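# Structure at a glance
One letter stands for each residue in the lines below.
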Protein chains: 4
Amino acid sequence: MDWRKHVRTALDGRHPGLGHRVELGLHALILYSALEMGVETLPHLPGWAATALSVSEIVVVAVFTIEYVLRLATAPAPGAYARSFFGIVDLLAIAPFYLGLAFIGFGLDLRAVRALRLLRLVRLLKLARYTSAIDRLAAAWRVVKEEVIVFGVAALIVLYVCALVIFQFEHDAQPEAFASVLDAMWWAAVTLTTVGYGDIYPVTPVGRVFTVLMLFVALGIIAIPTGLVASALSAIRTREEAAAREPEPPPAEPPG
Amino acid sequence: MDWRKHVRTALDGRHPGLGHRVELGLHALILYSALEMGVETLPHLPGWAATALSVSEIVVVAVFTIEYVLRLATAPAPGAYARSFFGIVDLLAIAPFYLGLAFIGFGLDLRAVRALRLLRLVRLLKLARYTSAIDRLAAAWRVVKEEVIVFGVAALIVLYVCALVIFQFEHDAQPEAFASVLDAMWWAAVTLTTVGYGDIYPVTPVGRVFTVLMLFVALGIIAIPTGLVASALSAIRTREEAAAREPEPPPAEPPG
Amino acid sequence: MDWRKHVRTALDGRHPGLGHRVELGLHALILYSALEMGVETLPHLPGWAATALSVSEIVVVAVFTIEYVLRLATAPAPGAYARSFFGIVDLLAIAPFYLGLAFIGFGLDLRAVRALRLLRLVRLLKLARYTSAIDRLAAAWRVVKEEVIVFGVAALIVLYVCALVIFQFEHDAQPEAFASVLDAMWWAAVTLTTVGYGDIYPVTPVGRVFTVLMLFVALGIIAIPTGLVASALSAIRTREEAAAREPEPPPAEPPG
Amino acid sequence: MDWRKHVRTALDGRHPGLGHRVELGLHALILYSALEMGVETLPHLPGWAATALSVSEIVVVAVFTIEYVLRLATAPAPGAYARSFFGIVDLLAIAPFYLGLAFIGFGLDLRAVRALRLLRLVRLLKLARYTSAIDRLAAAWRVVKEEVIVFGVAALIVLYVCALVIFQFEHDAQPEAFASVLDAMWWAAVTLTTVGYGDIYPVTPVGRVFTVLMLFVALGIIAIPTGLVASALSAIRTREEAAAREPEPPPAEPPG
């Protein structure tokens, strides 16, 4: 086994000697990195803590950079890795830091962009291999995908149409709150998800009647996909249990 | 094939030569028309943009008018089309524009009525033929229709009765917020759908106790139809899969 | 057939000659009575309308009184009717009016009590015989009754305990909003049903952490009964359809 | 039967002579204790009532202390009881009272800690033996445990990431409301559970767009576990009914 294979299997947690150690260490670093971004926002941090966080951020980005370079160098096809989903995620996670260094004298605020590092959390999905629940969820998703997409598109259209209608009713009564259809869409989304902050709501009688009708009809459209996934999931579990209980089907009968 | 049939099949996307092109173009125009109504509401639009939107509105209405006239002229039974669901929708979508022109000197504000053009979005439902998810939804709806209607009527009665009761409890304490049973119905709808804007809520002890009881009992009544549709849907999918898997039933055994 | 049987069957909609006419008339009167209570609350009613509503209220109560007396007089066992569920409902619906007359000089406000007349709306449940959906709902309810009760009691205990805990955390920070455990229970109910008016919410860090934990755990406890009823309902429908499809089971095999 | 066995069986409701009396009495005392903690918080309590509540609290703690000592003295293995779940609960329920006495001169406020006595309410779970609904819930929980845990962890990660992202968008616009990621997490929890108090919400366009996307995606993640438990529960009920209906399976065919 050459060094490339050693490095590659170590990073992926399939190394015969190191096992999951390197992989789990990287996962821990991803979690630490996410945590560090949160702690950093706390007000009244003492100076030494802020310094420690900044230093640890540099260390984290350095490790992620080394990991990226190693993955690139040891991949059987480096170009394929660079263009793969995880390759792009790994690059986006470290790029903002170096862009920030490059533009340090130009007064650009790249803090918000740094949040791209959180994309790395999707790497934790690889832990999914330790549980069959994720497999079942994926199978359920394949079953209900079409319905969920139809519902999603319908929900978007409903949201936009509701916003246009309420805008006609409320704009004259509340020109500040319902300044444009964008405000109305914000209202529609907050209302249809039943969050209802109370920062914006209809006050005209016709606007209120429309809101009530909209809620009764549209709540169904938005809430059904959830039920779909759940019942598909339980159907898959039932089928798996049945398959585990009964003997192998005779090979003579082809399915379908 | 005479010109009538050419036009009719082109509009419906079944023309041998043009295929779906004309139909998809009309669908795109419907979407543009909806989008234009939203963009128009944005404040601080530059003058040229407002002009462009007004012109494009006229073009859209012109195309819809031509489409309506063509459909009327080429339908096998023009009267039947004019009285059909889509015929009425197509007319309602263009009528407000011409009414606005007719009454232009009378200071009538027909802007809100223009929203009727959004009715045309139901034409997009014809895209449903590209997915079997809609068929399954329709089948599920037929299965649960009766329960959903019973629940809907029950929900309306519960809403009205809750509004009457809370009005008795809260009117004296908050004569402004609970001015009549209409305000109380607005409160009941916003509360029972769990939106809870916070613009109106009970403050008396007895009103609060009633609200809590109402929520615990009535949430079930309103939330159940959603679950019904979802489980009917999954039952239909199971049945379809079973039908696809097993061979044709022997014709000798009549069902039922 | 003597006059008692004539009256009794007419009231119940089983009269050979009158059919459902009398029964439906009484149902219409119940609906009118509910509607009248709402219209009455509208502000700025002209004097003649207020008078008309008052008069119609007297007529409605008079008809309900005559109905009650007739039912009492024609029942095979008058005492049994008077003590039955519908007998008590019929009495409670008219009693407040006569009590109001009796105490008219004492300045008692019996307006709120008049809402008892709405109890009569349960008579509309008799319309349920026209739909099998109600039967299926009742069957589903019998299946899940035990779970729903267990969940209901658990929800009440959770609500009370959450209120006691949040009171300990928030009372000192907001002595006005969280004045006693009663306010905390109002908060807990409004939060756990996700209504969230925003009239009362935790502000201390520990109170907020507790709220988040509470929501994640307790939402399940409160939301599950709904799903239970829905899936029981669909199971019953499946069973009914299967029963309708297959032939009568051979009588030789006893169940269980 | 020696006195230890007499005491032990009496406390557990399995005494041949006393039956459930002692056990039910202790359960009643647990309920009273919880109720007393609530009543105590009511403002404007007359002096005698406050005194009565304080005295009754001492009595309750005394009885719980005697029960704890008796359970410890009569257990077959006292150490095992002391370290068991219910042993720890019983100790935590009485410890704060004695700690409060010990530190009475030090000005420590142990009122909040007294809420630990509510832990004793879990003893009421033993009433579960009177209903098979709890057994079915436990079985359903075992079936869906893995999915619910996966969803729970996913929900926590989603919550934290959403909080970090919204913090980047809203901190500059509302430095008071979104002071740190902790406030943002409070916002995310209140929004994702659709409570929506309205004490904190995004105002920037990009923050609002992110909120809408978050709601549509994340509501599914949080709401699905509920549906899972419900459908698992109904599957278990179906299986139980089938098992009750059909005869014992022949012993010759081993399962699996």
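Residues numbered from 1 in each chain as written. Chains lettered and ligands numbered in written order. Predicted model: local features only at pLDDT ≥ 70, side-chain atom pairs only at ≥ 80, totals over all residues. Heavy atoms only, no water.

An unreviewed UniProt entry lists chain A under the name Ion transport domain-containing protein, with Inquilinus limosus given as the organism. Taken verbatim from the UniProt record of chain A, the Subcellular location (unreviewed entry) comment is "Membrane". (UniProt positions renumbered as here; feature names shortened; annotations may be inferred.)

## Overview of the overall build of chain A
Within chain A one finds eight helices and zero strands. Reading chain A from its N terminus to its C terminus gives the helix and strand order α-α-α-α-α-α-α-α. Expressed as a percentage of its 256 residues, the buried residues of chain A come to 44%. For chain A, the proportion of contacts with a sequence separation of at least 24, taken over those separated by at least 6, is 63%. Surface summary for chain A: the accessible area is close to 13100 Å², and the carbon and sulfur share equals 71%. (Helix = DSSP H or I, 4+ residues; strand = E, 2+ residues; numbered from the N terminus. Buried < 20%, exposed > 50% of the residue type's maximum accessible area, 1.4 Å probe, protein only. Contact = heavy atoms within 4.5 Å. Areas by Shrake-Rupley, 256 points an atom, 1.4 Å probe, with all protein chains shown as cover.)

## Focus on the packing of aromatic side chains
Per the stated rule, a full pass over the model turns up 28 aromatic pairs over all chains. Centre to centre, the rings of Trp186 of chain A and Tyr197 of chain A are 6.2 Å apart; their planes meet at 25°, and the pair counts as stacked. A residue pair is termed long-range when its members are at least 10 positions apart, and Trp186 of chain A in helix α7 (residues 181-192) and Tyr197 of chain A in the loop between α7 and α8 (205-245) qualify at 11 residues. Taking relative accessible area as the criterion, Tyr197 of chain A reaches 3% and is therefore assigned buried. Plain terms: the ring middles of Tyr68 of chain B and Tyr81 of chain B are 5.9 Å apart, the flat faces sit at 45° to each other, and that makes the pair tilted. Here Tyr81 of chain B lies in helix α4 (residues 78-83) and Tyr68 of chain B lies in helix α3 (residues 47-74), a separation of 13 residues in the sequence. (Phe/Tyr/Trp six-rings, centres within 6.5 Å; stacked < 30°, edge-to-face > 60°.)

## Things to note about helix α1 (residues 3-12) of chain A
In an α-helix, one turn spans 3.6 residues; hence positions three or four apart end up facing the same way. Residues and elements named next belong to chain A. Listed in full, the buried residues belonging to α1 are Val7, Thr9, Ala10, Leu11 and Asp12. On its buried face, α1 sits against α2 (21-39) and α3 (47-74). Looking one or two residues past α1, Gly13 carries a phi angle of roughly 75°, positive in sign.

## Observations regarding the side chain of Arg117 of chain C
All names here are of chain C. Positionally, Arg117 belongs in the loop between α5 (85-102) and α6 (132-170). Owing to a relative accessible area of 4%, Arg117 belongs among the buried residues under this scheme. In terms of polar contacts, Arg117 uses its side chain to reach the side chain of Ser33, at 3.5 Å. Excluding its chain neighbours within four sequence positions, the residues that come into contact with Arg117 are Ser33, Glu36, Glu57, Val61, Phe64 and Ala93. (Polar contact = N/O pair within 3.5 Å; in protein donor to acceptor, adjacent residues only side chain to side chain.)

## Looking at the pattern of salt bridges
Inspection of the entire model under this criterion finds 29 salt bridges over all chains. A salt bridge links Asp90 of chain A to Arg120 of chain A, with the nearest nitrogen and oxygen atoms 3.2 Å apart. Here Arg120 of chain A lies in the loop between α5 (85-102) and α6 (132-170) and Asp90 of chain A lies in helix α5, a separation of 30 residues in the sequence. Note on accessibility: Asp90 of chain A and Arg120 of chain A belong to one class, buried. Of the charged contacts in the structure, one is a salt bridge between Glu67 of chain C and Arg71 of chain C, with a shortest N-O distance of 2.9 Å. Residue Glu67 of chain C and its partner Arg71 of chain C are located together in helix α3 (residues 47-74), separated by four residues, close to a single helical turn. Look at Arg71 of chain C and you get buried, because its relative accessible area is 12%. A single network of salt bridges, built from pairs that share partners, joins Asp12, Arg14, Glu67, Arg71, Asp90 and Arg120 of chain A. (Salt bridge = Lys/Arg side-chain N within 4 Å of Asp/Glu carboxyl O.)

## Here's the deal with the packing of helix α2 (residues 21-39) of chain D against helix α3 (residues 47-74) of chain D
Residues and elements named next belong to chain D. Axis separation between α2 and α3 bottoms out at 10 Å; the angle between their running directions is 145°. Relative to α3, the crossing made by α2 is left-handed. Facing α2, whose interface residues are Leu26, Leu29, Ile30, Tyr32, Ser33, Glu36 and Val39, α3 presents Leu53, Ser56, Glu57, Val60, Val63, Phe64 and Glu67. Of the residues contributing to the contact of α2 with α3, the split by class is nine nonpolar, two polar and three charged. (Axes fitted to C-alpha atoms, helices over the stretch in contact; angles between N-to-C directions. Left-handed = near helix turned anticlockwise from the far one by under 90°. Nonpolar A, V, L, I, M, F, W, Y, C, P; charged D, E, K, R; others polar.)

## Overview of the packing of α1 of chain A against α3 of chain A
All names here are of chain A. For the pair α1 and α3, interaxial distance at closest approach is 9 Å and the crossing angle is 130°. Taken together, α1 and α3 sit at an angle that is classed as oblique. Once α1 is placed against α3, the crossing between them reads as left-handed. Counted together, Trp3, Arg4, Val7, Arg8, Leu11 and Asp12 of α1 and Glu67, Leu70, Arg71, Ala73 and Thr74 of α3 form the full contact between these two elements. The class makeup of the residues in the contact of α1 with α3 is five nonpolar, one polar and five charged. (Parallel < 35°, antiparallel > 145°, perpendicular 65-115°, else oblique.)

## What to know about the UniProt feature "transmembrane region" (unreviewed entry) in chain A
Residue and element names in this part refer to chain A. The positions that UniProt labels "transmembrane region" (unreviewed entry) are, in the present scheme, residues 47-73, 85-108, 148-167, 179-197 and 209-236. Overall, residues 148-167 shows 100% helix and 0% strand. The separation of its end C-alpha atoms is 28 Å. Within residues 179-197, the helical portion is 63% and the strand portion 0%, while the C-alpha atoms at the span's ends are 18 Å from each other.

## Looking at the environment of Thr211 of chain C
Structurally, Thr211 of chain C is set in helix α8 (residues 205-245). Given a relative accessible area of 0%, Thr211 of chain C falls into the buried group. Sequence separation between Thr211 of chain C and Ile166 of chain C is 45 residues, and the spatial gap between their C-alpha atoms is 8.0 Å. Those residues within four positions of Thr211 of chain C in sequence are excluded, and the remaining contacts are Ile166, Trp187, Thr191 and Pro202 of chain C together with Trp186 and Tyr197 of chain D. Within the structure, the side chain of Thr211 of chain C is placed 2.7 Å from the backbone oxygen of Gly207 of chain C, a separation counted as a polar contact.

## Looking at unusual backbone geometry
With glycine set apart, most residues show a phi of negative sign, and most peptide bonds adopt trans. All names here are of chain B. Positive phi, close to 60°, is recorded for His44, a residue that is not glycine. Although it is not a glycine, Thr194 adopts a positive phi angle of roughly 60°. Note on placement: Thr194 falls in the loop between α8 (181-192) and α9 (205-245). Under the relative-accessibility criterion, Thr194 is labelled buried at 10%.

## Some details on the confidence of the model for chain A
Residues and elements named next belong to chain A. Residues with a pLDDT of 70 or more make up 82% of chain A, whose mean pLDDT is 81. The secondary-structure element of chain A with the lowest mean pLDDT is α8, recorded at 74, while α7 shows the highest, at 93. Low pLDDT (under 50) marks residues 252-256, which in the prediction has one contact with non-local residues, meaning those over four places away or in another chain. Interface scoring of the predicted complex returns ipTM 0.79; its pTM is 0.82. (pLDDT = per-residue confidence, 0-100.)

## A look at a nonpolar patch on the surface
All names here are of chain D. Residues Ile88, Leu92, Val113, Leu116 and Leu119 make up a contiguous nonpolar surface patch of roughly 330 Å² in combined accessible area. Tracing the chain through its elements places Leu119 in the loop between α6 (111-114) and α7 (132-170). Of the residues examined, Leu119 reaches a relative accessible area of 32% and is grouped as partly exposed. (Patch = residues over 30% accessible without salt bridge, like charges linked within 9 Å, V, L, I, M, F, W, Y side chains within 5 Å.)

## Quick notes on the environment of Pro43 of chain B
One can find Pro43 of chain B in the loop between α2 (21-39) and α3. In contact with Pro43 of chain B, other than residues within four places in its own chain, are Ala179 and Ser180 of chain A.

## Considerations on the side chain of Asp183 of chain B
Relative to the helices and strands, Asp183 of chain B resides in helix α8. Reaching out from Asp183 of chain B, the side chain makes a polar contact with the backbone nitrogen of Ala179 of chain B at a distance of 3.2 Å. If we skip the residues at most four places from it in the chain, Asp183 of chain B touches Arg208 of chain A together with Ala177, Phe178 and Ile200 of chain B.

## Some thoughts on helix α2 (residues 21-39) of chain C
Compared with the 27 Å implied by 1.5 Å per residue over 19 residues, the 26 Å span of α2 of chain C between its first and last C-alpha is a close match. Among the residues of α2 of chain C, those classed as buried are Glu23, Leu26, His27, Ile30, Ser33, Ala34, Glu36, Met37 and Gly38 of chain C. (Expected span 1.5 Å × (residues − 1).)

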